[in-house]
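Understanding the architecture of this molecule
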Amino acid sequence: MSAPATSRPTVSEREARQVAEDAREQHWRKPSFAKELFLGRFRLDLIHPHPLPADDDVQRGEEFLAKLRDFCETKVDSARIERDARIPDEVVTGLKELGALGMKIDTRYGGLGLTQVYYNKALALAGSASPAIGALLSAHQSIGVPQPLKLFGTQEQKDTFLPRCARTDISAFLLTEPDVGSDPARLATTAVPDERGDYVLDGVKLWTTNGVVADLLVVMARVPRSEGHRGGITAFVVEAAAEGVTVEHRNAFMGLRGIENGVTRFHRVRVPAAQRIGEEGQGLKIALTTLNTGRLSLPAMCAGAGKWCLKIAREWSAVREQWGKPVALHEAVGSKMSFIAATTFALEAVLELSSQMADEDRNDIRIEAALAKLYGSEMAWKMADELVQIRGGRGFETAASLAARGERAVPAEQMLRDLRINRIFEGSTEIMHLLIAREAVDAHLSVAGDLIDPGKSLQDKARAGANAGVFYAKWLPKLVAGPGQLPRSYAEFHPRGHADLSGHLRFVERHARKLARSTFYAMSRWQGRMETKQGFLGRVVDIGAELFAMSAACVRAELLRTRGENGREAYQLADAFCRQARIRVGELFDRLWNNTDDLDRKVVKGVLGGAYEWLEQGIIDPSDDGPWIAEPEPGPSAQENVHRPIR
């Protein structure tokens, strides 16, 4: 048997980028609203009229939501979960009996077969009762064993594992390592083929959400290239109780205190070849494809958080008086409430639209889902922060302390702590900016990428130049004028007696073209250095996110109006959100070219070079000594196994 790996692969920046590039979906086989938006084409027809779920899907989904609501209201004690930093076993058992582990699993395997729309509604509901429960259910179904098997598993694998995942077994997804986050090219965990045709797994995985209580694991490991093996990062289903698997530590965090997140070691763990998902080398592609819709679970819980923030802000601001009137009637507080209400409406609009498009499978939603995750996590954090500010000192006080002195136990500070992680995991905001930016400029790189690639020959560059000339000769003239300049465009979004949303859609159309022109100019200016302009690319993505959210908000308002469901109020919220978003878009466009990016780079070099160490004087660092990153030693575990399956 081969010895475990003792060193991490050494890769260059170019090699690391190539690994990521090879993992992404290379082709666009279906239309994408967001992709078109970044190209300056406002394809309203792709999202309007708003797609709707089938009646039987609605009935099945609503029936489950009613059961889940009753369970959460009667069986879930959020304060206890926060206090004990653990979801009680009886609650997890109850969720299993309810079928909550199998919400997205087909009924043929014992699951509930809910649509993405109702799965997200369920996550928002469960996450509002306890964010830790939302994380448990999401990690199990959005990125755990069920989703990759649904997309890439063999029939035998589905028959074997999906019934377990639907009712009894909790799953987890293991990619991150102590020194590997968003750079999987350096993955050190290995899966070495043995003489029996199986694999021997060695390595350590960090931040394994659900890992402490999981029964089944999706593990990403590197298969060495050898005769008969193409090698590469590969996905496996691994039994958590297998010999050689040790959960060495249960991590503790500033928020989501009830999640079962740990450090998992694999030492000579034998994994049958039949438990490999897909082919060797397809692991990252499987992970990224899984996340295309899996990322929608986070904005679902963010939208739910916005609803809670709005409820608390409304109730509190109506009774708390300052200077003779409720604080809600003071403009300084009222503007915060307007932001929370309008943004909650927009987040739900983005979520519902993206989820329904995922269910219909007519569009490629990889950018839409990524934008929903990015925008939802950032805006939910801001809403929670504003709620804490509205609550004042009580916002900073814990719910337990409030209750102990006789006041309503409102966990506003906990909400802020719990939401903070959403800006980091399943793709940090910074990584999401780069991921979305890569997809947004894909059309440009497809026709002109060889022009800026230093590794290409003069012949390749000449061919790329000719192709680019043809593409841009057709594309650039279309960015000059469009429906956004015609005063009667999108007139159906200005019904009598309602706010005027047509002007906002004209704004989106005009600024989509402006965004595309700005991106083209930047590529012409910086060429191969474009990938280093992360500040610029991040702002481009943020503009696209705002334009997408404005579009979704308007389309949802019109849907609610036509269905007679609070249409007038929905139009008002969409109008408020779009007006707020237009200000942010204007600021982002200004910062595309008027910013401190160059100066910031000089300051960073000074910081790293020690030029400003004098500025750090006069403080005491309370941190303990120790390595910044604990490099795990290969071999068997020397620690107690804290794996705790729930039965």
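Sequence order as written defines the numbering, with residues in each chain counted from 1. Only residues with pLDDT of at least 70 get local features here, since the model is predicted, and only at 80 or more are side-chain atom pairs given and counted; chain-wide, interface and lining totals rely on the full set of residues. Side-chain figures throughout are based on the complete set of non-hydrogen atoms in the structure, without hydrogens or water.

Segments assigned H or I by DSSP are reported as helices when at least four residues long, segments assigned E as strands when at least two residues long, and all are numbered from the N terminus. Counting its regular elements, the chain contains 23 helices and 10 strands. Overall size of the chain, expressed as C-alpha extent along the three principal axes, is 75 × 75 × 65 Å. For every residue, the accessible area (1.4 Å probe, protein chains only) is compared with the maximum for its type, and the residue is labelled buried under 20%, exposed over 50%, or partly exposed between those bounds. Looking at the chain as a whole, 54% of its 647 residues are labelled buried. By definition, residues are in contact when any of their heavy atoms lie within 4.5 Å. Relative to all contacts within the chain whose residues are 6 or more apart in sequence, the contacts with residues 24 or more apart total 77%. Computed with the Shrake-Rupley method and a 1.4 Å probe, the accessible areas treat only the protein chains shown as cover for residues. On the chain, roughly 29,800 Å² of surface is accessible, and the fraction owed to carbon and sulfur atoms is 52%. Placing the 85 positive and 86 negative side-chain charges of the chain at their respective mean positions leaves the two points 5 Å apart. Here the positive residues are Lys and Arg and the negative ones are Asp and Glu; neither His nor the chain ends is included. Every charge is mapped onto a representative atom, which is NZ of Lys, CZ of Arg, CG of Asp or CD of Glu.

As a further point, take the packing of helix α6 (residues 116-129) against helix α7 (residues 131-143). Each axis is a line fitted through C-alpha atoms, and for a helix only the stretch in contact is used; angles between axes span 0 to 180 degrees, taken between their N-to-C directions. Between α6 and α7, the least distance of the axes is 5 Å, while the angle of their chain directions is 150°. Together, Y119, L123, A126, G127 and A129 of α6 and P131, I133, G134, L137, S138, Q141 and S142 of α7 make up the contact between the two elements.

Now for the confidence of the model for the chain. Confidence scores labelled pLDDT are given residue by residue by the predictor and lie between 0 and 100. Considering every residue of the chain, the mean pLDDT works out to 93; 96% of them sit at 70 or more. Here residues 1-6 scores under 50 on pLDDT; set against residues more than four positions off or in separate chains, the count is 13 contacts.

Once that is clear, we can look at helix α16 (residues 412-420). Counting buried positions along α16 gives eight out of nine residues, so the element sits mostly inside the fold. Looking at α16, one finds that the buried residues are A412, E413, Q414, M415, L416, R417, D418 and L419. Where α16 is buried, its residues contact α4 (78-84), α7, α11 (297-319), α13 (366-391) and α14 (393-396).

What follows is about the pattern of salt bridges. For this document, the term salt bridge refers to a Lys or Arg side-chain nitrogen within 4 Å of an Asp or Glu carboxyl oxygen. Applying the stated criterion across every chain yields a total of 47 salt bridges. Measuring nitrogen to oxygen at the nearest pair gives 3.5 Å for the salt bridge that ties D84 to R80. Here the residue D84 and the residue R80 both occupy positions in helix α4, the gap between them amounting to four residues, near one helical turn. In this structure R80 comes out as partly exposed when scored by relative accessible area, which is 31%. For E260, the salt bridge identified is with R250, shortest N-O distance 2.6 Å. Here the residue E260 occupies a position in the loop between β6 (245-250) and β7 (261-271), and R250 occupies one in strand β6, the gap between them amounting to 10 residues. What emerges from the salt-bridge pattern is a single network uniting R86, D89, R250, E260 and R644.

We now examine the environment of Y199. Within the secondary structure, Y199 is located in strand β3 (residues 199-209). Accessibility expressed as a relative area gives 1% for Y199, which makes it buried. Of note is the side chain of Y199, whose polar atom sits 2.9 Å from the side chain of R276. Polar contacts, as counted here, are pairs of nitrogen or oxygen atoms within 3.5 Å of one another; within protein the pair requires one atom able to donate a hydrogen and one able to accept it, and residues that are adjacent in sequence qualify only if both atoms are side-chain atoms.

Further remarks concern the side chain of E352. Here E352 is to be found in helix α12 (residues 331-360). With residues near it in sequence (within four places) discarded, E352 still touches H50, V117, K121 and R556.

As a further point, take the pairing of β7. For β7, a buried count of nine out of 11 residues is recorded, marking the element as mostly surrounded by other parts of the structure. A pair of strands counts as paired when DSSP detects no fewer than two bridges linking them. Sheet analysis places β3 next to β7, joined by eight bridges and oriented antiparallel. Bridge pairing links G203 to F266 in β7. The sheet contact formed by β6 and β7 spans five bridges and is antiparallel. Paired with H249 across the two strands is V263, which belongs to β7.

This part is about the environment of S518. The residue S518 is located in helix α20 (residues 502-526) in this model. Sequence separation between S518 and A638 is 120 residues, and the spatial gap between their C-alpha atoms is 56 Å. Once you skip the residues sitting within four places of it in the chain, S518 turns out to touch F536, F589, L592 and W593.

Before going further, it helps to examine the packing of α6 against α11. Closest axis-to-axis distance for the α6/α11 pair is 8 Å, and the angle between their directions is 50°. Overall, the two elements α6 and α11 adopt an arrangement that is oblique. Here the hand of the crossing between α6 and α11 comes out right-handed. Listed contacts from α11 to N120, L123 and A124 of α6 are S297, A300, M301 and G304. When the residues that make up the contact of α6 with α11 are grouped by side-chain class, the tally is four nonpolar, three polar and no charged. Roughly parallel means an angle under 35 degrees; roughly antiparallel means over 145; roughly perpendicular covers 65 to 115; every other angle is labelled oblique. By the definition used in this description, the sense in which the near helix is turned from the far one sets the handedness, with an anticlockwise turn below a right angle giving left-handed and a clockwise turn giving right-handed. Note that Gly is not counted as nonpolar here; it falls among the polar residues with everything else outside the nonpolar set of Ala, Val, Leu, Ile, Met, Phe, Trp, Tyr, Cys and Pro and the charged set of Asp, Glu, Lys and Arg.

Here, expected helix span is obtained from the residue count minus one, scaled by 1.5 Å. Spanning 14 residues, α6 covers 20 Å between terminal C-alpha atoms, matching the ideal 20 Å at 1.5 Å per step. Taking burial as the measure, the 14 residues of α6 include 12 buried ones, the bulk of the element. Along α6, the residues classified as buried are Q116, V117, Y118, Y119, N120, A122, L123, A124, L125, A126, G127 and A129. Of the surrounding secondary structure, the elements contacted by the buried residues of α6 are α3 (55-75), α4, α7, α10 (283-294), α11 and α12.

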